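Below are the chains, spelled out letter by letter.
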Amino acid sequence: MKTKTYFLVIILSLMMNSAFAQKNGQANSYYEKITEAISSLNSADDYQSYLEAGQQFQNIAEEEKSKWVPFYHAGYAYIQAALKLPAAKKTLILLDSAQRMVDKTIEFGGLGNSKIICLRGYLYYAQQFRTPNNNTNIIARKATQELDRARFLDDSNPRPYYVIGLVLDQLDPRIGGNKKSACKHFQNADERFKNFTPRSELSPNWGAQDNAAHLLKCNQK
């Protein structure tokens, strides 16, 4: 009887070790894939490289299905690709892809996260900037509402200030654009970027260099 019990314990132990190793291997695989994708995103500087980074993150997100971070990065990468696209031919397709990724980010990450709400505001800004039409002021208002909400959730987050600056800078003065106010928001963002530390190396960490470039233009006027 003791021999049977002994063998049973060994079998159970082996099964548990196998399950742990498999789970740990999956975790390492996710970490390795997403850190590689983040490296691609950080080095992206044109339409094609942002598109490829977005596709990397989307593949990771669809494999994991329940983590909001890869959906977030995919959405951001597609927005950047749309903004970098020299012609508007594929812009709507890219923004639709970004919309799907942002919706998934919200589904898994919730609406109480300043980072996520800011990303949706950034998507509205891209829609305002790349697809100008009679609804531009409506889209800009939606962007500002989202970004104000993101600031309320976490005032230390620099990105809502940066994107509000973009909205005001690009918007026609006849419907609310204001270059001077935009510069104030870039300044507020800059102050927060200097004190900002991402929660982890996988966390959203974009906008500082672009904000600095806009602020430099403000200071040269």
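Please refer to the structure placed before this passage.
Residues numbered from 1 in each chain as written. Predicted model: local features only at pLDDT ≥ 70, side-chain atom pairs only at ≥ 80, totals over all residues. Heavy atoms only, no water.

Quick notes on helix α5 (residues 114-130)
Piece 1. The end-to-end C-alpha distance of α5, which contains 17 residues, comes to 24 Å, matching closely the 24 Å that a straight helix rising 1.5 Å per residue would cover.
Piece 2. Burial within α5 is extensive, with 15 of its 17 residues counted as buried.
Piece 3. Structurally, the start of α5 carries an N-cap: the backbone nitrogen of K115 is 2.8 Å from a side-chain oxygen of N113. (Helix = DSSP H or I, 4+ residues; strand = E, 2+ residues; numbered from the N terminus. Expected span 1.5 Å × (residues − 1). Buried < 20%, exposed > 50% of the residue type's maximum accessible area, 1.4 Å probe, protein only. Polar contact = N/O pair within 3.5 Å; in protein donor to acceptor, adjacent residues only side chain to side chain.)

What about the environment of L41?
Piece 1. One can find L41 in helix α1 (residues 2-43).
Piece 2. Taking the relative accessible area as the measure of exposure, L41 reaches 8% and is therefore buried.
Piece 3. Residues L41 and A53, spaced 12 residues apart in sequence, show a C-alpha to C-alpha distance of 5.4 Å.
Piece 4. In contact with L41, not counting residues within four places along its chain, are Y50, A53, F57, H73, Y76 and A77. (Contact = heavy atoms within 4.5 Å.)

Remarks on the pattern of salt bridges
Piece 1. Overall, the coordinates contain nine salt bridges when judged by the stated rule.
Piece 2. Between E63 and K33 there is a salt bridge, with its nearest N and O atoms 2.9 Å apart. Placement of the pair is E63 in helix α2 (residues 47-64) and K33 in helix α1, with a sequence separation of 30 residues.
Piece 3. K33 gets classed as partly exposed once you look at its relative accessible area, which sits at 35%. (Salt bridge = Lys/Arg side-chain N within 4 Å of Asp/Glu carboxyl O.)

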